[in-house]
Structures are given as structure tokens and as C-alpha cells.
There are 2 protein chains.
Amino acid sequence: MKPRLITGKSKEAENLVKYVKPIIGTQKMGHTFPGATVPFGAVQLSPDTDTLSYEINGKYNGDVYKYCAGYKYEDKTIVGFSHTHFSGTGHSDLGDFLVMPTQGALQMNPGTADNPKSGFRSAFSHENEVVEAGYYKVKLDDDKIMAEMTATKRVGVHQYTFPKSDQSHIILDLMAGMYNYDDKTVWTYVRVVNDTLVTGYRQTNGWARTRTVYFAMSFSKPFKSYGQKNFEKAQVYRGFWRKFDQTKNHPEIAGKKIRMYFDFDTEASEKIGLKFALSPVSQENALENMRTEVPGWDFDKVKQQAQSDWEKELSKIKISASEDDKVNFYTAMYHAFINPTNYSDVNGQYKGLDQGVHKADGFTNYTTFSLWDTYRSLHPFFNIMQPSKNNDMVRSMMAHYQQNSLKMLPIWSHYANENWCMSGYHSVSVVADAIIKGVYNGDAEAALAACVETANHRSYEGIGEYIDKGYISAEKSGTSVSNTLEYAYDDWCIAQIAKKLGKQSIYDEFIKRSGNWVNNFDKSIGFMRPKLADGTFKKEFDALSTHGQGFIEGNTWNYSFFVPHDPTGMIAAMGGAKKVASRLDSLFSMHLPDEFFADTEDITREGIIGGYVHGNEPAHHVVYLYNWIGQPWKTQEKVRMILKMQYKSTPDGLGGNDDCGQMSAWYMFSSLGFYPVSPGSDEYSLGSPSVKSAVLSLENGKTFTVEAVNQSDKNVYVSKVLLNGKTVTGHTIKHSDIVNGGKLSFYMRNKR
Amino acid sequence: MKPRLITGKSKEAENLVKYVKPIIGTQKMGHTFPGATVPFGAVQLSPDTDTLSYEINGKYNGDVYKYCAGYKYEDKTIVGFSHTHFSGTGHSDLGDFLVMPTQGALQMNPGTADNPKSGFRSAFSHENEVVEAGYYKVKLDDDKIMAEMTATKRVGVHQYTFPKSDQSHIILDLMAGMYNYDDKTVWTYVRVVNDTLVTGYRQTNGWARTRTVYFAMSFSKPFKSYGQKNFEKAQVYRGFWRKFDQTKNHPEIAGKKIRMYFDFDTEASEKIGLKFALSPVSQENALENMRTEVPGWDFDKVKQQAQSDWEKELSKIKISASEDDKVNFYTAMYHAFINPTNYSDVNGQYKGLDQGVHKADGFTNYTTFSLWDTYRSLHPFFNIMQPSKNNDMVRSMMAHYQQNSLKMLPIWSHYANENWCMSGYHSVSVVADAIIKGVYNGDAEAALAACVETANHRSYEGIGEYIDKGYISAEKSGTSVSNTLEYAYDDWCIAQIAKKLGKQSIYDEFIKRSGNWVNNFDKSIGFMRPKLADGTFKKEFDALSTHGQGFIEGNTWNYSFFVPHDPTGMIAAMGGAKKVASRLDSLFSMHLPDEFFADTEDITREGIIGGYVHGNEPAHHVVYLYNWIGQPWKTQEKVRMILKMQYKSTPDGLGGNDDCGQMSAWYMFSSLGFYPVSPGSDEYSLGSPSVKSAVLSLENGKTFTVEAVNQSDKNVYVSKVLLNGKTVTGHTIKHSDIVNGGKLSFYMRNKR
């Protein structure tokens, strides 16, 4: 290798971050946030254009679903900047510690979107917004304040440029947050330690039921005064109210609904910095996190480090593609590397599911596991590009299991809570994929035991009946079919671990269970269908509808293909390749009437192609099934169609929730030309790459190169595939083919 | 010394516990609790006959003041047994984790006192009650269950004897507690770890604003099933409600208003044991506390240890006196050794005022500092009989100061909270007394600095004006006079520390401030009187009234004598010994009309002698002032009168709140024949002992003996006093006279 100049390297290093457009997905259904975060960082410091905790005239402003990420591109005002945000979820929470700079008369209410000057919120315009990986900047029009923010793993760093004023303020809103529940904030405690340092915590009862976030906040300049207002309707009387004026310059603050303010004199264009560190454990840890990660007051240095962190991650894959495709690809990579998030302090401590303090020994603890989504291709993507982090994620899941009084692996877990969202027990898929692919370095037998215990938790969502009958009866559950199908796939994952570890009896048990999908398959109509407890199929059934039909986020047109671990068996059951081909073609070409679209959650009209719902996850593998029926060209053309139609480099460019990176991981896999149809297997199904080339730099030091010879928008068909110069027969490559390093060459043409 | 048989010693060792009658003070105003605790223990496991957190038909049952200690002798029903209780306070809090055994149909509401069978509470009768130091037993009539309880420092141990039943239950009420606030319980979290172990915590917003108590609860026998009911009016919807039945056998429980139940089959007379450990820090620490302090299931052994712990403390003073006086004396000693309470785990960790976890290095951390009461003679009593514990208490107060964002020593502090109750900054008296008497082994200069900073906290309750003007103006405060008087005394205490440490300028400053009492003395009427900001005395003034007259818990008849550090100066100001004698005589003989009694807080009619209010604290030193005006015989006769009238060995035997042991400490000092009129000095003023003799076994190994020659109820006058055989001239002895060991002989007679 030729040595390169450091300047050249530095310049090149800035090239990939520039393709990241965090604004993508902030409009309509993407539910991404535009603010500053570092890869897998605990802090996501981002503007909120509304939150659900703002009560205006007795009613909540906005709707809970719309504001999952706090920011809607369509909005014209910003309420403030809060420190925690989900990326792409369909359920809301977080939004902790909203900070807003103002000047002029102190306003302690947020005001309304229609009349932002009635409160501390401010009008803004996208023209005055800079949205980059690790950096966000906006001009707040009402008070003429420039707001900038960046972050480290555990610290949000703000920089506000004020006009000249003897009434400059920084508001700290401890009530605000995403969720549709009046009393989300259970308790708040704040200490003003000195005139630049404030610490405290906030406990919330939101989607996470028992959740406490500790903070330490430091100002670059001493405030001249400060105070608080308690918005509780009734407060318990305390004798000491006659001893102190607690509303002003009183350093000990506690209550349920508190907003604070800090006053400054500012010169023209004076910058005030703010460091805001989080901890799941204690104020002390938050302070240690701050002092370790951001010891000084050099905003630009933190910003550069944040962007350098992103550059380091992004540069693990260097693609050659159109500028627009690069934007989509690197923004997808950015979105894929936001969640799961770091959930341990610099000293390794974290709050466990048992609400006790634990130390992550030898690993980094992660939270925010949107597993129904992310097992499909986000964690498989990590197994290639982030294996050591995915190993830590599995270890985090094992810690969750050990701390769980129900002794189950996570279902949908965030911030030391299990919210039990969605169906299946897909942790076992993530565990299996990491074990099969040699990524998990923990105790595999213990992991298998955890998977088995999870899968045998009879009282959980029909598992008992599923074990006894091989399916969940329609009487018992409104999502009986999707549950049965997903359990069957998960059981196959468990069988794969058992096979690898030589546990024959566990293998036998679970490989048998993995065939349970057949119990919901109604041969008479060729679709998956709810079955009654008596063994007969439910009579009333509508194949286009989702709700009430036994499914979740997908009708039977999509879910009937959900046998990712046995497409061959599924095709046989459906009557053979020809019938399946026709069904798949119909899926992509049919028209879904509005009445049925209405109950397809989390997506826009654009999130659907025919009846194929890409904006939700259950059909994410479906386009690759053409490979199993001898029509790989349809996989190829449709993958390219989906990439074009479902991912656009605009604020409304995502047709559905990004779902903590699952939509983005699909994009990256598919644009690289392969996809993990059945995580837990070591095979990837081939599609049609959209990149011209891609070089994957692996953690083991090897590189894996994808090239698409004769690539163009029209050349979507693959004439042949060579792996290290040898023709690939069939439509799969193995995980080892990738991690051993090498070159995968697709030869593209414009016809099948 | 003659060696004694061990059996003899053991038998004798049981003799003192039998004089302790914890039932004393449980009727009317004493506000003591009858349940089980060990000396200074963190757990006070005691029956509650009502609590304020029981809402019946939208109204709270009972009144907050009445149920400060949870139990009223007058009541006919017991709601359950909770683990934390104040002893003798006039303000309520605590009452954590109420446990109640029942059998028959499960009842999750407490029911009413009128109809206990309508809920889980039960009728009981005092005939079926055994109330001892460290042991409480009662028969619960409704369900025919015998309840027994004992304790270690951090663990409450229950033993319930059930009848034969397949519907035996133990209720754990996580909502109950003392306080007058609907939403006292901020959050509750519970994990059912296995079929004998439950852990969790409860956060409350009561008198202590931000307070969390963690627990671990273990059953001697596995429960067959369990469940919970959430009594919140509205709960946030959670998707997983459709996945689990959370009301039964679901091990992860959280919410604001929760009651749990545990079901058992019981044979006739089957005993079920329950260990309930507390921690201020974590569930893990609670479990460690339990496993360390009560490893097994031998209830009787724990009981014996608890009573042996009490015996050890009680036997530090062996008195010869009438049986009734022994009951009063040892019960006073028992009440004096309940508070302050242990507030650190077996591993030394505790929650600090900053809500962070700290480790008490080299000391035991204590909480529950009712300092306005206890500085007067409880802490001075500790300086003789419990010096190492009092040293730890001062260290705990210093830790409080260091963790306090307001940088003040405690005022009235409990459970990592400052509740700012009552006037003055009397920590400085406790600190000074411990330093002057050589008890405090910490950094005395740092302690002095803390006292000075506390006394100079200008924004606290008139201190700024007090510093500037020498008094607090009547316009600014409703308790302006008592505040000024108490600050002046406290300032004198600070001066004493400064003098001892050779800090001349601090001495000068504070000895000057200690003369400020004179600023509220109106020579024209000879009484302390509110002064206006302009320097003139307030015109409207009623010497018999308390409220609105500038005082708290005492009118000017009592408070005018509050110059404990300078009786001589006070007497001069009042016009000399003769005038003062007449005033003191009037105080003890006057009649206080009902209208003025009504605003004297916390006492019964019996708590008053003439106009002298013994049931409150401000005049506790007053009877000793006769010594300063040449009429010591009046001190002698009146001390004996107060001892007789104010302390009786009956449930209603205390005329006022015991106030965390202050009333009891007064009893012990006075019955031994001396009293600390001005803590912070090393002198005790002599009175008239009521014991025949007393042997004080000191920590330094020495003994101090008091004997009253010719003692009888009529021989209340002292003809002479010998210290180690030498006549005591004057009316004082020094602290060193006591701690150096020796003998103090009072020669008694029936006339002056």
C-alpha cells in the first residue's frame, strides 16, 4: 500500500459524513429524528417540534403517534431540544430534559404552534437549519438565537448564540417528553450544586413503566439567577414554604411537574455552552460521564469528534454509486447505527431490568431492542459489520434474561424495562444468528438454555397452547396466526443452536415445533388462516384485512409467505412453484383498497407496492422468495424497484417507520446484492446490487468487495455471479464467504 | 468484686427489660408506638390502628396528627403491621410496607374501624396484647390469627399463627402509610423472585419529599399463589396487558397504588414466618441486610437477641427506686434510645441528602433528627451514656451538611430529607455539646465552619435580618421572638466551640450575637415581646397567647425565660432575683384559660402545670432557674412535682409528645438529680433526684453513682450534696465530674 498524506486521509474521511442526511425520514412516517448523536450513543439531542406532554387548555397538543421522534418536518415551531429519542419507532417514549434558550420576558409555558410567541417555543425555518451526522444547527426566529448541538456517547453539548440582552434565559423543562399520558413524569429531583452545575434525575412512567434518567448539566458561564415553577395542580403543603422562597435561587428542587429557568446577561453574539450528561444509575455517574467525555468547552472539537466517529463507522463500507444512492446508503447506515443504544456509564455501571445497579464486566451494555423489527436484517448486518458490538448486544440480552423475574429474553426492551411489544420471541433469532455465525463469545450453552426457557414460558401470549396444540387458537388471541408463524420460525432458530452445540433432544423438540406453521395453513384457500380451538379454520376471514384476522402489521397476503426457515416446504404446501409465482406476482401488482390500507399500521400509501407492504416488516424477505421458484430475475427487478420506490433522499423519503434501523438494514443488504432471508442460517440469498461497487472493511482485518459489472439503473438483471472468480451456482452465498474476505462479482444486464 | 454466677447475671439481665412498657404514651398525646424495635434500629415494626392513606368513600379515615405513630390505644381495630414509625413526633410520615395476615375470602380493602370485617383489618383487644421492648404480640380476633413480631436493626421479623384454612393470606399493602396526602406513594416496584422471596421499593412524597425505601421480604413457607390489585383511578394503557394476566402470579409489579396478597394452606396452629428487611439504598442491600442479620428462621432467637440488646442498653444505668418509678425510668430510657435511627446498611452504604449513595466510613449513619426537641437534653444524655453513638450522630449531621446544596446542618431531618421543621439551628448546640464534652472525634474546625455557615445563611428564616438588626422583625415572621431567642442561644454555642478551638474572631462575633435575646426583651413589661422593623415593640400583645405573638409552642410566659446560656443576665434584665422568683412562682401556679390552651400544641391539659408547659419543650430548663435566684428548694420541689405529674406508667401517661425521646431524657436527668440547662456548657444544674440510687456504667469503663440518702416521696428537699465525699458548693456539677467516675450523694429531707 502506498502511504497517504494525513491531510488527504482527513479530507477523504470527511467525504462519507457529508452523504448522511438525518433529515430523511423526519416527514410523514419515517419517525427519525434530525438531531445530534454518535454511533449507538446514549444521547440523542434533537429538536422537538411538539411533544405529547404539553397540555394546552386541558388537552394534549399533537398526537402520540406522530411525535414518536419529537420532530415533524411539517411543523413550523420548535419547543426545545431534548436528549433522548427513539429512531423510527411506531410507539413513543423518551424526550428527556428539554432545553430551550430564550430572551426577553421570561415565559414558563411552551405556547402553541399557532402562536409560538405566547410561550418559550420559537418559529424556525428549514432554510436556517443545518442537519448533519453528529451536528444540528437552527436559528430560533422568535428570539434571534442560534442553537447548535453535538454529542458524545453520554453527553449532549449545546451552544447557543444569543443577542445582546439582560434577559437571556435557558429553560430546562423537566415535564416535557414523548408519551400520551398526563402523569408520565412520576418524580423529578434537582440540585443546583453551584452557579454552573446542576444535577438531578427524572423518573417516568411511560412506555417504559419504571424508568429513571439521571443527569448532570454544566453551563460555560455562571447564571446570574435561576428559579423554578411547579405545575402540579395540587402540591402537598410543607411547613418550610414559609421559611424559603423556593421559586427563586433555591437549590433543592423536587416535584412531579417542574420547569426551571436560568438567567444570563449576554453580549451581542455571545455564545453560552451547555453540557448535559445522562446516566441510568446516578447523578454522580452522570457527572463522571461528563467529565470523562467532555472535559472542556470546545464545541467544535466535540463536533469534529462526533463526525469523526461517524466517519469511522461509515467508512467500513465504501461504495461506488450515484450521489443520490450514496446519500441513501450512508443515511441508511447512519440510521442503522443509532440503535440499540449504549446503556452503561463510563465506569461500566447500568440499571438492570431488576431495577438494581449492575456492572457490565467485559462488555458494553445496550438497550432499545426493537427485536420484532431488527432480528430480520439489522442484527445480521451487525454480524458482518459490527460483530463485536453485536456480541455485546447479545450479552446485554443475556443480562436482561438473568435479571428478569419472568426469566425471558427481551421482547421489546428499553431503559431497564420490558414493554412486551409485538409478537414472537425474536431474541432467540438474534442469539442463534450470532452463535451460528461465530460472533457470540459468551457461554453458548447458557444462551441456548435462555432461549429454551423463553420459548417454554407457557403463560406468555399463547405459548402454552402453542406447545400443546401446535398453534394458537383464534379465540385466544387476535394475532393468533402471526404469533404461531413467528414462534415456528423462532423455534427453528433454537434448533439451529442446539444442532451446533450437539444438543440432540433440544434440536428434535424445536425442529418439530418449527413445523407448526403448517397448522395455520389452509390448503383449501392456499393462505395462512386463523384456526379455532376445535381445529377448524375460522369461517369469517378476509385475506386483505389485517385487524381481527389473526395478524399484526400485515395481512395474510404478506404473512402467508412467513416461513423464512422453510421456503421449500411452504412452496410445496402452496401447491408448487407455479402457484407461488402467480401469488407473488399478484402481491406486487394487486391494488389494496383504502379500507384495508387503513388498518395497515405505520406506513404511508407509498409504503405499499401493490399489496406488498414494505413499510412494515413481515414481508421483508418475500421478494427473495422468487429465488426458490426458479424466477430469480423477479427477485432482481423487484429488489431494484423497492430500493428506488421505498427509499428517497428527501425528508419524506421513508415509506414507513425506520424501526430502529431495520428498514435501513434492508436497504443496505439489498443494495449490496444479498439478504439474510432466514437469520439463524449462515446463508444469504442473492438479489441485484444497486451499487457499482462496495468494499466492506471487516473487524477481522479482511475486506469483502462487491462489484456490479455493467451496473446501471436499467441493468437490474444478473447474468452470473462470481465469488473470488468462481461461478456461484444457486442463489446463495455463505457467511464465511463474506468474513473470510474476497470478492463477489455480479454481472449485470438489462434483461433477464 | 465478687464473681457472680452466670445464671444470676443472666437472670438479673432480664430484670430491666421487664420494666419497659412501650404501651406508655400510646394514648392521647404521647405519640409513641407499641411495636418491636431494637436500640436505634432502622426498623420499627408496629401495629397501625389507622393510617391516613386509607381512603374510605373519598375521604381519609382518621386525622393526620392523631396517627403520627400509627397506633392509638383508644382504637379497637388493627389495620396491619408496618415497618417504620416515628416515636413521639407531632408530625407524621413513614408507615412503610404494611403487612396483615388474614384468612377466608380474600379482602383487598382495609375496611372500616366500625366494621372491620368489611376488610382485611381486624378487631383486637388489649387483653390479648403483649407489649414488650423488642416484642409485640396480639390476637387478631376477626380471623383468629396470632400475630407476633420482633426485630433486628434492619429487619422486621413476623410470626403468624394461623388456624386451619385453605384460604390463609398475607396482605402486603404498598399504599398505606402515615400522612395526609392522597398521592403520598409516588411509585412502587416489586419483583417476586421466587415462591419465598419478594424484593422491591417504594418512593413516597410525604413529610420527607423525596424518599425511597427498598425492601426484601422472605416467607418461611412457599406461598401457593399470589397477586396484586392496582388502586389507581386511571392507569396508562400498556399493550402487554393482553399478553399477561398481571393481577395473578405475575412477578413484575409496578405502579402508584398497589396492594399484594400471598396465599397459603395452613394447618391448625401453623406458624408462618416473615422476614422483612429495609434498606435506604437498594433491593440488593436489603437482601444482604436480611441474610446478615437474620440468617435463619428462629423467631424466638431473634426476640431474645432484641431483648438482650435492650437489656444491654438499659443496664448501663441501674437504679434503685419504686417499681413504678422503675417502669417510668426504664421506659423513658427505652423511648430515649429509639431515635435517631440507624440509616446505613450492613455494608455501610446509605442514601445522602443529595439523593446519592454514600458509604459511611468509620461511623454509623443516623437519621431522624428532631433537633429543636432533642438538643435540649437527649443529645446531652447521649454524651454521658452513649458518647460513641452521639459522635456518630454528629458525624451523620456533618455528612448531611456536606451533601446539602444549601450548606446547612440539619434542622429537622429524616430519611435523606430536610423538612425544615421548627425554629433555630440547633444542630450547632449538639455539635458544641459534643465538642465541649470531648465526645466528637471528627474534625472540630470543620464542624465549627459548618456551624458558622449554617448560622450565616441569610436567606433562611430571618437570619439576614437577625444578623443586621440583632432581632427578627414581627412583620417578617410569625415566630420572630422565639427565632431570635433560639438563634441567640445557638450563637452562644458556636462561640463556645470557637473559644475551645482558639478562634477568637469567631468567638467575638458569636458571643456578641448571643446577646441578641435582649433586643426582644421589653423592660416596660418584663417580658419578651415582638419588635417591629422600626425598633418599637408591637403594640397589640397578649402574654398568654402563643399564636400570632411571635412564638412557637410556648407563650411569652414560658419563652421569656429562654436565655439558657445567660440566666444571670436575664435575671438582671427582669429586675433581679425577687421579681424573677415571683414570676416563676406565678408560672407554676397561674391558670391558663381554655382559649389559650387551645393554641398550645401537642399536649393534653395534663401537660400543663399552671402556665408552665412541660408537654412542649421551650420551658424544659425553667424549673432549674430557681437555682440562680437563691431558691434551689423550689427547683427541688417542682422537679419532683413535674416527675410525678407528667410521667405516669399508663398508656396515657405522657402529657405531651415524647418528641423522639426529649421528654424521656428530661425525665431521666431530673430523676437522677441534675440537668443540662445550657447544652454547650460543661455544667449540669442540680435538682432533686427521685431515685434512691443509680449506678451509671460509662463507656470509658468508669462508673458514676448517684445516691439519695433518706430518699422518699416526701423528702424532696436537698440538704447537702457531696461529690466523692466533698461538699458541692453552688448548684452545679461538671461533665468531667461524671465521666471521671465517682459518687454524687444527695441528702434528702422533707423541708427546705
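What counts and what doesn't
- Residues numbered from 1 in each chain as written.
- Chains lettered and ligands numbered in written order.
- Predicted model: local features only at pLDDT ≥ 70, side-chain atom pairs only at ≥ 80, totals over all residues.
- Heavy atoms only, no water.
- Least-squares fit on C-alpha atoms with pLDDT ≥ 70 in both.
- Contact = heavy atoms within 4.5 Å.
- Pairing = 2+ DSSP bridges.
- Helix = DSSP H or I, 4+ residues; strand = E, 2+ residues; numbered from the N terminus.
- Axes fitted to C-alpha atoms, helices over the stretch in contact; angles between N-to-C directions.
- Buried area = accessible area lost by both parts, 1.4 Å probe.
- Salt bridge = Lys/Arg side-chain N within 4 Å of Asp/Glu carboxyl O.
- Polar contact = N/O pair within 3.5 Å; in protein donor to acceptor, adjacent residues only side chain to side chain.
- Nonpolar A, V, L, I, M, F, W, Y, C, P; charged D, E, K, R; others polar.
- Parallel < 35°, antiparallel > 145°, perpendicular 65-115°, else oblique.
- Left-handed = near helix turned anticlockwise from the far one by under 90°.
- Domains from an automatic or database assignment.
- Buried < 20%, exposed > 50% of the residue type's maximum accessible area, 1.4 Å probe, protein only.
- Lys, Arg positive; Asp, Glu negative; His and termini not counted.
- Phe/Tyr/Trp six-rings, centres within 6.5 Å; stacked < 30°, edge-to-face > 60°.
- Lys NZ or Arg CZ within 6 Å of the ring centre and 35° of its normal.
- pLDDT = per-residue confidence, 0-100.

**Structural notes on the relation of the copies chain B and chain A**
Mapping between the two chain copies consists of a rotation about an axis together with a translation along that axis.
Part 1 of the reasoning: Between the two copies, chain B and chain A, the superposition gives an RMSD of 0.1 Å; the rotation angle is 180° and the shift along the axis is 0.0 Å. Such a combination of rotation and displacement between the chain copies is what one expects of a two-fold axis. For chain B, the smallest separation between a C-alpha atom and the rotation axis is recorded for V186 of chain B, amounting to 3.3 Å.
Part 2 of the reasoning: Most of the interface of chain B is mirrored in chain A, where 100% of its interface residues again form contacts.

**What about the sheet that holds strand β8 (residues 129-132) of chain A?**
All names here are of chain A.
Part 1 of the reasoning: On the basis of which strands lie adjacent, the open sheet formed by 9 strands has the order β8-β9-β10-β11-β19-β15-β14-β13-β17 and antiparallel pairing. At either margin of the open sheet sits one strand with a lone partner, and together these are β8 and β17 (252-255). Taking each pair of neighbouring strands and ignoring which way they run, the sheet shows an average axis angle of 15°.
Part 2 of the reasoning: Summarising the sheet, strand β13 (residues 185-192) and strand β14 (residues 197-204) pair through 7 bridges and their orientation is antiparallel. Directly across from T185, in β14, lies its bridge partner T204.
Part 3 of the reasoning: Helix α2 (residues 283-293) contacts β11 (155-162), β13, β14, β15 (211-219) and β19 (270-279) of the sheet and is inclined by roughly 45° relative to β15.

**Brief notes about the interface of chain B and chain A**
Part 1 of the reasoning: Contacts between chain B and chain A engage 56 residues on the former and 56 residues on the latter.
Part 2 of the reasoning: Between chain B and chain A the total buried area reaches about 4,300 Å² when both faces are included, carbon and sulfur atoms providing 48% of it.
Part 3 of the reasoning: Linking chain B to chain A there are 0 salt bridges.
Part 4 of the reasoning: Scanning the region where chain B abuts chain A turns up 13 residue pairs in polar contact (both at pLDDT 80 or more).
Part 5 of the reasoning: Breaking the side of chain B that touches chain A down by element, the ones donating at least two residues are β13 (185-192), β14 (197-204), β17 (252-255) and α2 (283-293) of chain B.
Part 6 of the reasoning: Per-element tally for the side of chain B that touches chain A: the top contributor is β13 of chain B, with 5 residues.
Part 7 of the reasoning: Looking at side-chain class alone, the side of chain B that touches chain A contains 25 nonpolar, 18 polar and 13 charged residues.

**Here we look at the packing of helix α7 (residues 387-403) of chain B against helix α8 (residues 427-436) of chain B**
All names here are of chain B.
Part 1 of the reasoning: Contact geometry for α7 and α8: axes closest at 10 Å, N-to-C directions at 135°. Between α7 and α8, the interaxial angle falls into the category oblique. Crossing of α7 over α8 shows left-handed handedness. Where α7 approaches α8, its residues N390, V394 and M397 are matched on the opposing element by S427, V430, V431 and A434.
Part 2 of the reasoning: Residues of the contact of α7 with α8, tallied by class, amount to 5 nonpolar, 2 polar and no charged.

**What about the sheet that holds strand β31 (residues 674-675) of chain B?**
Note on sheets: strands pair through backbone hydrogen bonds, and any given pair is parallel or antiparallel.
Part 1 of the reasoning: Judged by pairing direction, the sheet is antiparallel, and its 3 strands sit side by side in the order β31-β32-β37 (chain B) without closing on themselves. The two strands at the open ends of the sheet, each matched to only one other strand, are β31 and β37 (732-734) of chain B.

**Details of the domain arrangement of chain A**
Residues and elements named next belong to chain A.
Part 1 of the reasoning: Parsing chain A into structural domains produces domain 1 (29-272) and domain 2 (316-749).
Part 2 of the reasoning: Using C-alpha coordinates to define each centre, domain 1 is positioned 36 Å away from domain 2.
Part 3 of the reasoning: The interface is formed by 33 residues belonging to domain 1 together with 37 residues belonging to domain 2.
Part 4 of the reasoning: When domain 1 packs against domain 2, the two sides together hide about 2,700 Å² of surface, and 58% of this comes from carbon and sulfur.
Part 5 of the reasoning: Here domain 1 and domain 2 share 0 salt bridges between them.

**Looking at the side chain of D373 of chain A**
All names here are of chain A.
Part 1 of the reasoning: By the secondary structure assignment, D373 is in helix α5 (residues 371-374).
Part 2 of the reasoning: Comment: no salt bridge for buried D373; closest opposite-charge side chain is R376, at 5.6 Å.
Part 3 of the reasoning: At 2.5 Å, the side chain of D373 and the side chain of S370 are in polar contact.

**Considerations on the environment of E453 of chain B**
All names here are of chain B.
Part 1 of the reasoning: Here E453 shows up in helix α9 (residues 444-455).
Part 2 of the reasoning: Taking the C-alpha atoms as reference points, E453 and V518, 65 residues apart in sequence, are found 24 Å from one another.
Part 3 of the reasoning: Among all residues touching E453, those that are not within four sequence positions of it are Y401 and K407.
Part 4 of the reasoning: A polar side-chain atom of E453 sits 2.5 Å from a polar atom in the side chain of Y401.

**What about the pattern of salt bridges?**
Residue and element names in this part refer to chain A.
Part 1 of the reasoning: For the structure on display, the rule yields 48 salt bridges over all chains.
Part 2 of the reasoning: For E313, the salt bridge goes to K389, with nearest N and O atoms at 3.9 Å. Of this pair, E313 sits in helix α3 (residues 299-314) while K389 sits in helix α7 (residues 387-403), and the two are 76 residues apart along the sequence. Each of the two residues, E313 as well as K389, counts as buried.
Part 3 of the reasoning: The salt bridge involving E445 is made with K503; its shortest N-O contact spans 3.3 Å. Within this pair, whereas E445 is found in helix α9 (residues 444-455), its partner K503 is found in the loop between α11 (480-501) and α12 (504-513), the two being separated by 58 residues in sequence.
Part 4 of the reasoning: Residue classification places K503 among the partly exposed residues on the basis of a relative accessible area of 28%.

**Description of the packing of aromatic side chains**
Part 1 of the reasoning: On inspection of all chains with the given rule, the structure shows 98 aromatic pairs over all chains.
Part 2 of the reasoning: An angle of 80° between the planes, with centres 6.1 Å apart, marks the rings of Y489 of chain A and F562 of chain A as edge-to-face. Here the residue Y489 of chain A occupies a position in helix α11, and F562 of chain A occupies one in the loop between α13 (556-559) and α14 (567-573), the gap between them amounting to 73 residues.
Part 3 of the reasoning: Of the residues examined, Y489 of chain A reaches a relative accessible area of 0% and is grouped as buried.
Part 4 of the reasoning: Taken together, a centroid distance of 5.2 Å and an interplanar angle of 70° make the contact between Y343 of chain B and Y415 of chain B edge-to-face. Residue Y343 of chain B is found in the loop between β21 (341-342) and β22 (349-351), and its partner Y415 of chain B is found in the loop between β26 (412-413) and α8; the two are separated by 72 residues along the sequence. Accessibility classification places Y343 of chain B together with Y415 of chain B in one group, the buried group.
Part 5 of the reasoning: The positively charged end of R583 of chain A is found above the aromatic ring belonging to W557 of chain A, 5.4 Å away from the centroid.
Part 6 of the reasoning: Looking at K303 of chain B, its charged tip hangs above the ring of Y135 of chain B, at a distance of 4.0 Å from the centre.

**Section: the confidence of the model for chain A**
All names here are of chain A.
Part 1 of the reasoning: For chain A, mean pLDDT is 93; residues scoring 70 or higher make up 95% of the total.
Part 2 of the reasoning: Confidence drops under pLDDT 50 across residues 1-14; counting only partners more than four residues distant or on other chains, this segment forms 5 contacts.
Part 3 of the reasoning: ipTM for the predicted complex: 0.93, alongside a pTM of 0.95.

**Description of unusual backbone geometry**
Part 1 of the reasoning: Between N339 of chain A and the following residue, P340 of chain A, the backbone shows a cis peptide bond with an omega angle of -15°.
Part 2 of the reasoning: Among the secondary structure elements, P340 of chain A is positioned in the loop between α4 (323-336) and β21 (341-342).
Part 3 of the reasoning: Of note in the backbone geometry, K28 of chain B takes a positive phi value of approximately 55° without being a glycine.
Part 4 of the reasoning: Mapped onto the fold, K28 of chain B is located in the loop between α1 (6-17) and β1 (46-48).
Part 5 of the reasoning: A relative accessible area of 39% means that K28 of chain B is categorised as partly exposed.
Part 6 of the reasoning: Here E461 of chain B, not a glycine, exhibits a phi torsion of approximately 35°, which is positive.
Part 7 of the reasoning: For E461 of chain B, the location among the structural elements is in the loop between α9 and α10 (463-469).

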